[in-house]
Amino acid sequence: GQLGRRRIALFPRRLRAFHARLPSFRGEAALLAGSGFLGVTLGMALPPEGLAAVLPAVPALLVPLAVPVVLIATSLLGLNPIAVVAVIGALVPDPAALGVAPGVLALACMLGWGVGVGMTPLSASALATARWTGSDPWTVTTRWNRAFTLAGLAFALAVLAAAHAGWLPFMD
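Since the structure is predicted, the reported quantities are computational estimates derived from the model, not experimental observations.

Colleague: Go over the packing of helix α3 (residues 62-76) against helix α8 (residues 146-165) with me, naming the residues and quoting the values.
Modeller: Interaxial distance between α3 and α8 falls to 8 Å at its minimum, and their mutual angle equals 160 degrees. As judged from the angle between their axes, α3 and α8 are roughly antiparallel. Remark: the crossing between α3 and α8 carries right-handed chirality. Seen from α3, the contacting residues are P64, L65, P68, V69 and I72; seen from α8, they are T149, L153, L157, L160, A161 and H164. In terms of residue class, the contact of α3 with α8 is built from nine nonpolar, two polar and no charged.

Next comes the structure, spelled out in structure tokens:
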């Protein structure tokens, strides 16, 4: 009805406003692309067998549990999770060799990425939020997101322990 036609009429105006604001996101776009390139480049520089020769004595559960912690720690150092996940993929090319199901390691990377991206001051979301609020990216990530990140980390670790134990039916 009337509301639908009104929304359709607003679309061209909103699209023009979006196009006008798009250049202001060039820094975020460059950061995203650069992080992906950095991760793939670093990954290609690593030995093809990854860490399999170095980590055989590590308990298998520790591998997926370490991923979100590593992602948060490297995020606090300013590394974008995109780059770190690409390096993890190169370091652990065969998770089964470490006693970890590939799906569990993939889940660890996704959960760690989701939690870690809130802690990196160099993420596109932190830069955009800082710009919108008139704050700085460090305040956005380390102060405003701290409780969320800790809660997310606790949840991620619980889910990963359950996935590694085989308790999650969707991980089959």
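Anyway, onward from the coordinates.
Colleague: Quick one: what's the story with the nonpolar core, residue by residue and with numbers?
Modeller: Ranked by internal contacts, the top residues of the largest apolar core, which has 21 residues, are V67, L105, L107 and L111. Within the residue set of this core, elements represented by two or more residues are α3, α4 (81-91), α5 (102-116) and α8. In terms of residues, this core owes the most to one element, α5, which gives six residues.

Colleague: Go over α5 with me, naming the residues and quoting the values.
Modeller: Taking 1.5 Å of rise per residue, 15 residues should cover 21 Å, and α5 covers 20 Å from first to last C-alpha, within 8% of that figure. Buried residues along α5 sit against α3, α4 and α8.

Colleague: I'd like a rundown of the side chain of T120, residues and numbers included.
Modeller: Within the secondary structure layout, T120 lies in the loop between α5 and α6 (124-133). Residue classification places T120 among the buried positions, given a relative accessible area of 0%. At 3.4 Å, the side chain of T120 forms a polar contact with the backbone oxygen of S75. Each residue touching T120, except ones within four places of it in the same chain, is listed here: S75, G78, L79, N80, P81, A126 and T141.

Colleague: Tell me about a positive patch on the surface, and name the residues and values.
Modeller: On the surface, a cluster of positive charge is contributed by R7, R13, R14 and R16. Here R7 is to be found in helix α1 (residues 2-21).

Colleague: Describe the confidence of the model for the protein, listing the residues and the values that go with them.
Modeller: Of all residues in the protein, 84% attain a pLDDT of 70 or more, and the chain-wide mean is 83. Ranking the elements of the protein by mean pLDDT puts helix α2 (residues 26-45) last with 68 and α8 first with 95.

Colleague: Talk me through the packing of α3 against α5; I want residue IDs and the actual numbers.
Modeller: Between α3 and α5, the shortest axis-to-axis distance is 8 Å and the interhelical angle comes to 25 degrees. On the basis of their axis angle, the class for α3 and α5 is roughly parallel. The handedness of the crossing between α3 and α5 is right-handed. In contact with V63, P64, V67, P68, L71, I72 and S75 of α3, α5 contributes V104, L105, A108, C109, G112, W113, V115 and G116. The residue makeup of the contact of α3 with α5, split by class, is 12 nonpolar, three polar and no charged.

Colleague: Any details on a nonpolar patch on the surface? Residues and values, ideally.
Modeller: Together, F11, L15 and F18 make up an exposed nonpolar region whose accessible area comes to about 300 Å². Considering the arrangement of structural elements, one finds F11 in helix α1. The class of F11 is exposed, set by a relative accessible area of 53%.

Colleague: Run through the environment of V159, naming residues and quoting values.
Modeller: Mapped onto the secondary structure, V159 falls in helix α8. When the C-alpha atoms of V159 and V104 are compared, they prove to be 9.7 Å apart, with 55 residues separating the residues in sequence.

Calculation rules
Residues numbered from 1 in each chain as written. Predicted model: local features only at pLDDT ≥ 70, side-chain atom pairs only at ≥ 80, totals over all residues. Heavy atoms only, no water. Axes fitted to C-alpha atoms, helices over the stretch in contact; angles between N-to-C directions. Helix = DSSP H or I, 4+ residues; strand = E, 2+ residues; numbered from the N terminus. Parallel < 35°, antiparallel > 145°, perpendicular 65-115°, else oblique. Left-handed = near helix turned anticlockwise from the far one by under 90°. Contact = heavy atoms within 4.5 Å. Nonpolar A, V, L, I, M, F, W, Y, C, P; charged D, E, K, R; others polar. Core = buried A, V, L, I, M, F, W, Y, C linked by side-chain atoms within 4.5 Å. Buried < 20%, exposed > 50% of the residue type's maximum accessible area, 1.4 Å probe, protein only. Expected span 1.5 Å × (residues − 1). Polar contact = N/O pair within 3.5 Å; in protein donor to acceptor, adjacent residues only side chain to side chain. Patch = residues over 30% accessible without salt bridge, like charges linked within 9 Å, V, L, I, M, F, W, Y side chains within 5 Å. Areas by Shrake-Rupley, 256 points an atom, 1.4 Å probe, with all protein chains shown as cover. Salt bridge = Lys/Arg side-chain N within 4 Å of Asp/Glu carboxyl O. Lys, Arg positive; Asp, Glu negative; His and termini not counted. Charge placed at Lys NZ, Arg CZ, Asp CG, Glu CD. pLDDT = per-residue confidence, 0-100.

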